[in-house]
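Architecture at a glance
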Amino acid sequence: MKKVLLVLFTLCFALGSHAQEKTMSELFKAMPDSLLPYLTTNNRLDMLDFMEAKMKAEVTNLLDGKSEMTALTHDSLSIRMNGVLRIDMKIVRVAEPVDSSTQVIRVVRTYTLNENQTERIADVYSSVWRKLSSAVEQSSLLKRDDELLSKPHL
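Residues numbered from 1 in each chain as written. Predicted model: local features only at pLDDT ≥ 70, side-chain atom pairs only at ≥ 80, totals over all residues. Heavy atoms only, no water.

Looking at the overall build of the protein chain
Across its full length, the protein chain holds four helices and seven strands. Expressed as a percentage of the 154 residues in the protein chain, the buried residues total 32%. Sequence separation of at least 24 residues holds for 30% of the intrachain contacts in the protein chain that already meet a minimum separation of 6. Of the roughly 10100 Å² that the protein chain leaves accessible, carbon and sulfur atoms contribute 59%. (Helix = DSSP H or I, 4+ residues; strand = E, 2+ residues; numbered from the N terminus. Buried < 20%, exposed > 50% of the residue type's maximum accessible area, 1.4 Å probe, protein only. Contact = heavy atoms within 4.5 Å. Areas by Shrake-Rupley, 256 points an atom, 1.4 Å probe, with all protein chains shown as cover.)

Printed below as a string of structure tokens:
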């Protein structure tokens, strides 16, 4: 009997802690407008609705351009903001709680001007969208400028 109660208690605890974790859809809905400034809250909600309906998740953004959510899972998403910028988000579980949550969101912005000029910036946020860190993971933009500046001028 004690073993059964112990198993039930452990199961209830595990389910309770799992219930506090949010899906990417829930986190994306709660994301502040300032983090994706030319997508409105309605744009984000429309993208989610379109993805759930298995439709093309494309919206007209505030710059009168097209932005499209290209992938959505329970723990990640990808958005092509325009021809140059792609946003990828992934929920990462951490051992040390952050803001009383074991979830953090890694947001990677990839800027691609051409095959030789790209830059990837990774930001990490808590599940309440407080920025925890930021880093440039890859950049060939400045390298290309340095190459141009080092050529002898005629």
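Right, picking up where we left off after that structure.
Some words on the packing of aromatic side chains
Counted according to the given criterion, the structure contains one aromatic pair. Centre to centre, the rings of Tyr125 and Trp129 are 5.5 Å apart; their planes meet at 55 degrees, and the pair counts as tilted. For Tyr125, a relative accessible area of 7% puts it in the buried group. Relative accessible area serves as the criterion here: at 8%, Trp129 is assigned to the buried category. A cation sits over an aromatic face here: Arg44 above Phe28, 5.8 Å from the ring centre. (Phe/Tyr/Trp six-rings, centres within 6.5 Å; stacked < 30°, edge-to-face > 60°. Lys NZ or Arg CZ within 6 Å of the ring centre and 35° of its normal.)

Structural notes on helix α3 (residues 41-52)
Between its first and last C-alpha, α3 extends 17 Å over twelve residues, near the 16 Å set by a 1.5 Å rise per residue. For α3, the secondary structure elements touched by its buried residues are α2 (24-30), β1 (57-60), β2 (66-72) and β3 (76-80). A positive backbone phi angle near 60 degrees is found at Lys54, which sits one or two residues after α3. (Expected span 1.5 Å × (residues − 1).)

Overview of the environment of Thr73
Turning to its location among the elements, Thr73 is positioned in the loop between β2 and β3. It is 7.2 Å that separates the C-alpha atoms of Thr73 and Met24, two residues lying 49 residues apart in sequence. Reaching out from Thr73, the side chain makes a polar contact with the side chain of Asp75 at a distance of 3.0 Å. Side-chain polar atoms of Thr73 contact the side chain of Ser76, separated by 2.7 Å. (Polar contact = N/O pair within 3.5 Å; in protein donor to acceptor, adjacent residues only side chain to side chain.)

What to know about the environment of Asn43
Turning to its location among the elements, Asn43 is positioned in helix α3. Relative accessible area serves as the criterion here: at 9%, Asn43 is assigned to the buried category. Between the alpha carbons of Asn43 and Glu68 there is a distance of 9.9 Å; along the sequence they are 25 residues apart. Excluding its chain neighbours within four sequence positions, the residues that come into contact with Asn43 are Tyr38, Val59, Thr60 and Asn61.

Concerning the pairing of β3
Across the five residues of β3, four count as buried, placing the element largely inside the fold. As paired strands, β2 and β3 are joined by four bridges and run antiparallel to one another. Residue pairing for β3: Glu68 is matched across the bridge by Arg80. Between β2 and β3, which pair antiparallel and follow one another directly, the connecting turn spans three residues. (Pairing = 2+ DSSP bridges.)

What to know about the pattern of salt bridges
Scanning the entire structure with this criterion turns up nine salt bridges. Measuring nitrogen to oxygen at the nearest pair gives 3.6 Å for the salt bridge that ties Arg80 to Glu58. In this pair, Arg80 is assigned in strand β3 and Glu58 in strand β1, connecting sequence segments 22 residues apart. Using a relative accessible area of 30% as the deciding quantity, one classes Arg80 as partly exposed. Residue Arg109 is joined to Asp123 by a salt bridge in which the shortest nitrogen-to-oxygen separation is 3.1 Å. Placement of the pair is Arg109 in strand β5 (residues 101-114) and Asp123 in strand β6 (residues 117-126), with a sequence separation of 14 residues. Taken together, the shared-partner salt bridges in this structure form one network comprising Lys56, Glu58, Glu68 and Arg80. (Salt bridge = Lys/Arg side-chain N within 4 Å of Asp/Glu carboxyl O.)

By themselves, these observations are geometric and do not establish any function.
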